[in-house]
Structures are given as C-alpha cells and as structure tokens.
Amino acid sequence: FQLYGYCYQDSNDIPDTLTTITELGSPLEMIQLLQTSWEDRFRICLSLVRLLHYLAHSPLGSVTLLDFRPRQFVIVDGELKVTDLDDASIEESSCTSNSDCFMEFPARNFTLPCSVEGRCQNMNEKRNLYNAYRFFFTYLLPHSAPSSLRPLLDNIVNATGNHNKHGNDKYFLFYLSPSVNSEFTQKCVKSANTKYRRVPEAFIPDENYRCWPSYHHKGCLLSVFDVNEAIEICDSYSQCKAFVLTNQTTWTGRLLMLL
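Residues numbered from 1 in each chain as written. Predicted model: local features only at pLDDT ≥ 70, side-chain atom pairs only at ≥ 80, totals over all residues. Heavy atoms only, no water.

S.K.: Help me out: how do you make sense of the environment of L34 in this one?
M.R.: Turning to its location among the elements, L34 is positioned in helix α1 (residues 30-34). Between the C-alpha atoms of L34 and H143, which are 109 residues apart in sequence, the distance is 8.0 Å. With sequence-adjacent residues up to four places away left out, L34 is seen in contact with R41, Y139, L140, H143 and W212. (Helix = DSSP H or I, 4+ residues; strand = E, 2+ residues; numbered from the N terminus. Contact = heavy atoms within 4.5 Å.)

S.K.: Honestly, the state of the cysteines in this entry has me stumped. Any pointers?
M.R.: Such a bond, covalent and formed between the sulfur atoms of two cysteines, is termed a disulfide. In total, this model carries three disulfides according to the counting rule given. Put simply, C95 and C114 are joined by a disulfide, and their sulfur atoms are 2.1 Å apart. The sign of the 95° torsion about the S-S bond sets the C95-C114 disulfide as right-handed. Linking C95 in the loop between β7 (88-89) and β8 (102-104) with C114 in the loop between β9 (109-111) and α3 (123-140), this pair joins segments that are 19 residues apart in sequence. The pair C95 / C114 is uniform in exposure class, with both members buried. C101 shares a disulfide with C120; S-S distance 2.2 Å. (Disulfide = S-S within 2.5 Å. Buried < 20%, exposed > 50% of the residue type's maximum accessible area, 1.4 Å probe, protein only.)

S.K.: Just checking my understanding: could you explain the sheet that holds strand β10 (residues 221-224) for this structure?
M.R.: Strands belonging to one sheet form pairs held by backbone hydrogen bonds; the direction of such a pair is parallel or antiparallel. Read across the sheet, three strands follow the order β10-β12-β11 without closing on themselves; strand pairing throughout is antiparallel. Every interior strand has two partners, whereas the edge strands, β10 and β11 (244-249), have only one. In this sheet, adjacent strand axes meet at a mean angle of 40° when their direction is disregarded. The pairing of β10 with strand β12 (residues 255-258) spans four bridges and is antiparallel. Paired with L221 across the bridge in β12 is L258. (Pairing = 2+ DSSP bridges. Axes fitted to C-alpha atoms, helices over the stretch in contact; angles between N-to-C directions.)

S.K.: What is the right way to read the sheet that holds strand β6 (residues 79-82) from this model?
M.R.: The strand order β3-β5-β6 describes an open sheet built from three strands, whose pairing is antiparallel. Across the chains shown, the open sheet's two edge strands, defined by having one partner strand only, are β3 (26-27) and β6. One ladder, built from four bridges, connects strand β5 (residues 73-76) with β6; its direction is antiparallel. The residue bridging I75 from the neighbouring strand is L80, located in β6. Against the sheet, helix α2 (residues 38-56) engages β5 and β6, with an angle of about 40° to β6.

S.K.: Sorry if this is basic, but what is going on with the environment of P142 here?
M.R.: Here P142 is to be found in the loop between α3 and α4 (150-161). When the C-alpha atoms of P142 and D154 are compared, they prove to be 7.1 Å apart, with twelve residues separating the residues in sequence. Residues in contact with P142, not counting those within four places in the same chain, are F137 and D154.

S.K.: When you look at the packing of aromatic side chains in this model, what are you seeing that I'm missing?
M.R.: Given two aromatic rings, one states the distance between the centres and the angle between the planes to describe the pair. Overall, the coordinates contain eight aromatic pairs when judged by the stated rule. Note on F105 and F110: the rings are 6.2 Å apart at their centroids and 70° apart in plane angle, and the pair reads as edge-to-face. On the basis of relative accessibility, which here comes to 8%, the residue F110 falls in the buried class. Where F105 meets Y130, the ring centres are 4.5 Å apart and the plane angle is 45°; that geometry is what we call tilted. In this pair, F105 is assigned in the loop between β8 and β9 and Y130 in helix α3, connecting sequence segments 25 residues apart. (Phe/Tyr/Trp six-rings, centres within 6.5 Å; stacked < 30°, edge-to-face > 60°.)

S.K.: I keep staring at the side chain of S37 and nothing clicks. Help me out?
M.R.: In this fold, S37 is placed in the loop between α1 and α2. Its relative accessible area of 7% is what places S37 among the buried residues.

S.K.: I'm lost on the packing of α2 against α3 in this one. Help?
M.R.: Two quantities define a packed helix pair, namely the angle between the axes and the distance from one axis to the other. For the pair α2 and α3, interaxial distance at closest approach is 11 Å and the crossing angle is 175°. Accordingly, the angle class assigned to the pair α2 and α3 is roughly antiparallel. For the pair formed by α2 and α3, the contact residues are W38, R41, I44, C45, L48, V49, L52, L55 and A56 on the first element and E125, N128, L129, A132, F136, F137 and L140 on the second. Looking at the contact of α2 with α3, its residues break down into 13 nonpolar, one polar and two charged. (Parallel < 35°, antiparallel > 145°, perpendicular 65-115°, else oblique. Nonpolar A, V, L, I, M, F, W, Y, C, P; charged D, E, K, R; others polar.)

These results come straight from atomic positions and should not be treated as a statement about function.
Have a look at this one:
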C-alpha cells in the first residue's frame, strides 16, 4: 500500500499519535468480484501473490498477517493491496518438537517441522498462503476460468491448499501468468458461418442488453482477441445482431467489444 505521508503528534491532549496518508482504494466485496470477468479476478490474485512473496522475503523477515481477511484489503487500479497492518507479526513460533508447530484452520490442520533453532519452519509464510487460498484463490480463480487452463488451475490451487511440498508452486500464479497471456493472445476461434458487414463509425443504440460476465453493469461489454472471436461470441447470443469493437483494451491486451 502506497504511503504518501505521515504526521507524528505528541501533545497533552493527544499523546503518541501517528497519522498516515495513504492512497485511496475501493473496499473489497467478494460477491461483486465474482461478477467480474475472470481476467480481472486473475489480476487481483496475481497481485495478492506478489504481496505474499514480499511478506515472505521482507527486509524485516517473514511477516504474517494474523487477521488475514478480505476486509483487510482494498482494490487500487485493479490491484489488491493490504490496508491494515495492525495485526502483522514477524515472530516465528518457538517450539521444542513438531507437535508445537500445529496450525489449525476451520477446514483442515497442518503440522510443520520444528527447526534445530527451536522455531517452526516457515509458519508465517504457510499461514499467509493457506489464508490466501481459503479466502481468495478457491473462489476467484476456478470460477468461469478458460477451459484450457482449468486442469492446471485445479492442480496448483489444490497444491496450495494442501501445502504440497513438491515443486516450486507455492507462488504458482507467477508461473501461470505466461499461460494466461498465451490463452488470451493465441486463442483459436472456429470460423463463423454468419456474415457480418463492417459499418464505419456506427454505434449500438441504447437498447443493448446485459450479459455475464460484463465489464459494464448496464450493458454487454466483453473482451475479445480479434474480430473472429467477436463474431463467434455474437453468434452465441441469440439477442446479438451487431457488435462494436472499441479501441480500448484490457490489462492483457484484449479488445473490448460492445454487444
């Protein structure tokens, strides 16, 4: 979260008060996020993974967020950022045996190894990862994902939820990102049978309908790779008689199309 300034005040009326000035973000509403496009949800999860990676390797050491819930985050320009660090901790739990490194969650529990130094190995990092899985990844990633990515998504999301130690997949979205860009930029679209005529400088009247998922709640605004995919999508909607390709693009470079 970007810190723009701070002010320290120490007076008889208000002792030891620190006021911070940070960037403005939108509250995170999970139901609203589930109604957005998969592209946007993937971007949010990717920004969360960047945060998790930073917390695990911060200058202070491994940092855990003890109150890791959606209400502790905001959306800024399509990216997820943490706003409340009151419950952040850099203390790794002390232990004398593995049984002291027991992590309990509502759905499942984990036991981590106790190091020779008497600390639970990577407990802060593991706690953050599992909370990210149960509060974010399990809801935002599989739902309406591209069909070609679903098997890979299922495997790596499950590996994160299970604390799988095999492979370097704990920050899986770093490695999945190129596959997502490939899916959105090299999509094979079947040839459309319907004939369309190009009409320069035309627009769709206000009676355009709503669809899901849409980038605009009052109409049907979707992303496409090219005109061929636009034709295929229009053919799949019985209400669609025409479409407009805009000059706007999503963060992955896909064109926005108005139906």
